[in-house]
Amino acid sequence: ARPFLIDPRWAWNAARALGVETPPLPLPAARATSILPFKPQAAAPKAAESGSRMSSVLLAEDEFRIRAVLVDALSDVGVDCIEAATGREALDVLQSDTPLGAVIVDIGLPDMSGEKVIEAAALHRPGLPIIRCSGASAPSTLPAGITMHSFPKPYSASELSNFVVSLIRKAP
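This write-up is about the structure you can find in this document. (Residues numbered from 1 in each chain as written. Predicted model: local features only at pLDDT ≥ 70, side-chain atom pairs only at ≥ 80, totals over all residues. Heavy atoms only, no water.)

## Side note on the overall build of the chain
Just so we agree on the cut-off: Counting from the N terminus, the helices are the DSSP runs of H or I reaching at least four residues and the strands are the DSSP runs of E reaching at least two. In what follows, residue pairs with any heavy atoms lying within 4.5 Å of each other are defined as contacts. Surface exposure here means Shrake-Rupley accessible area, sampled with a 1.4 Å probe, where a residue is shielded only by the protein chains that are shown.
Each helix and strand in the chain was counted, giving 6 helices and 7 strands. When the helices and strands of the chain are listed from N to C terminus, the series reads β-α-β-α-β-α-β-α-β-α-β-β-α. In the chain, of all internal contacts separated by at least 6 residues, the share reaching a separation of at least 24 is 68%. In the structure as shown, the chain presents an accessible area of about 9600 Å², 57% of it carried by carbon and sulfur atoms.

## Some thoughts on the nonpolar core
In globular proteins that are soluble, nonpolar side chains generally tend to be buried together. Counted only if it meets this: Definition used in this section: a nonpolar core is a set of buried Ala, Val, Leu, Ile, Met, Phe, Trp, Tyr and Cys residues joined via side-chain atoms within 4.5 Å. Using a 1.4 Å probe on the protein chains alone, a residue whose accessible area is under 20% of its type maximum counts as buried, one over 50% counts as exposed, and one in between counts as partly exposed.
Counting residues in each nonpolar core, the largest one holds 20 residues, and the members touching the most others are Leu58, Leu94, Leu100 and Val103. Put simply, the parts of the chain that give this core at least two residues each are β3 (57-60), β4 (81-84), α4 (87-94), β5 (102-106) and α5 (114-124). When sequence neighbours within four positions are dropped, the list of residues in contact with Val103 reads Leu58, Leu94, Leu128, Pro129, Ile130 and Ile131. Counting residues in each nonpolar core, the second largest holds 19 residues, with Val69, Ala102, Ala157 and Leu167 among its members.

## Focus on the sheet that holds β3
Strand pairing in a sheet takes place through backbone hydrogen bonds and is either antiparallel or parallel in direction. Rules: Should DSSP find at least two bridges between two strands, the strands are regarded as paired. Here the axes come from fitting lines to C-alpha atoms, over the contacting stretch only for helices, and the angles between their N-to-C directions go from 0 to 180 degrees.
Pairing in this open sheet of 5 strands is parallel, and the strands run β4-β3-β5-β6-β7 from one edge to the other. The open sheet is flanked by β4 and β7 (149-152), the only strands paired with a single partner. Neighbouring strand axes in the sheet, compared pairwise and without regard to direction, differ in orientation by 20 degrees on average. As defined by bridge partners, β5 adjoins strand β6 (residues 130-134) across 4 bridges and the pair is classed as parallel. Paired with Val103 across the two strands is Ile130, which belongs to β6.

## Here we look at unusual backbone geometry
Trans is the prevailing form of peptide bonds, just as negative phi is the prevailing case for residues other than glycine. The peptide bond linking Lys153 to Pro154 adopts the cis configuration, its omega dihedral lying at -5 degrees. Tracing the backbone through its elements, the reader meets Pro154 in the loop between β7 and α6 (157-170).

## Quick look at the environment of Ser166
Put simply, the rule reads: Distance and chemistry together define a polar contact, namely a pair of N or O atoms within 3.5 Å, with one atom able to donate a hydrogen and the other to accept it when in protein, and with adjacent residues in sequence counting only for side-chain atoms on both sides.
Looking at the element boundaries, Ser166 is found in helix α6. At 2.6 Å, the side chain of Ser166 forms a polar contact with the backbone oxygen of Phe163.

## Notes on the pattern of salt bridges
Let me state the cut-off plainly: The rule for a salt bridge is simple: a side-chain nitrogen of Lys or Arg has to be within 4 Å of a carboxyl oxygen of Asp or Glu.
Enumeration according to the criterion identifies 5 salt bridges in this entry. Asp92 is the salt-bridge partner of Arg88, the closest N and O atoms lying 3.0 Å from each other. Taken as a pair, Arg88 and Asp92 lie in helix α4 at a separation of 4 residues, close to a single helical turn. Its salt-bridge partner being Glu115, residue Arg132 comes within 2.9 Å of it at the nearest N-O pair. Taken together, the residues span a long stretch of sequence, with Arg132 in strand β6 and Glu115 in helix α5 at a distance of 17 residues. Here Arg132 matches Glu115 in class, with each residue buried. Residues joined in a network through salt bridges with shared partners are Glu61, Asp106 and Lys153.

## Here we look at the packing of aromatic side chains
The condition that has to hold: Between rings of Phe, Tyr and Trp, where Trp is taken as its six-membered ring, a pair exists when centres lie within 6.5 Å; planes separated by under 30 degrees are stacked, by over 60 edge-to-face, and by other angles tilted.
Under the criterion given, the structure shown has 2 aromatic pairs. Centre to centre, the rings of Phe151 and Tyr155 are 5.9 Å apart; their planes meet at 80 degrees, and the pair counts as edge-to-face. For the ring pair Phe151 and Phe163, a centre distance of 5.5 Å and an interplane angle of 45 degrees mean the geometry is tilted. With a gap of 12 residues between them, Phe151 in strand β7 and Phe163 in helix α6 connect regions that are remote in the sequence. Among the aromatic residues, ring-to-ring pairing joins Phe151, Tyr155 and Phe163 into one connected group.

Dropping the structure here:
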């Protein structure tokens, strides 16, 4: 399939053209994001073994602008990103054989709670580092025994990316 290239600034510029007030958001300068549909694939060698890039990270985030900024920041530190805009898309990736180094989950997904995605990640990928991102101050309702890291919103994309790299390097 041919990638569909989107400039991450497109949504912001379109909103401004329509007169919609949007908060300022630091976006990458003139870098397009390539979006391909997810297709399960056979396990590939980990990036650490191939020497160039690290393992892929699943990013379950429904807000396009946040996703675009995080994909760019993760790419800058050598991490490939598999994007999921819904909980269902994230579950499809988790249930596939796609190698993952970590999972980043927004709690406010449109079709299900991100906590259901975290439960599925713990079930299907035991030991995989899980990062819970939430702007809400409500405590987690996850069952005991699920290990995860919390990153409150708003956060710095570069800090989150560096944290992900540290988790991938620690993983067995």
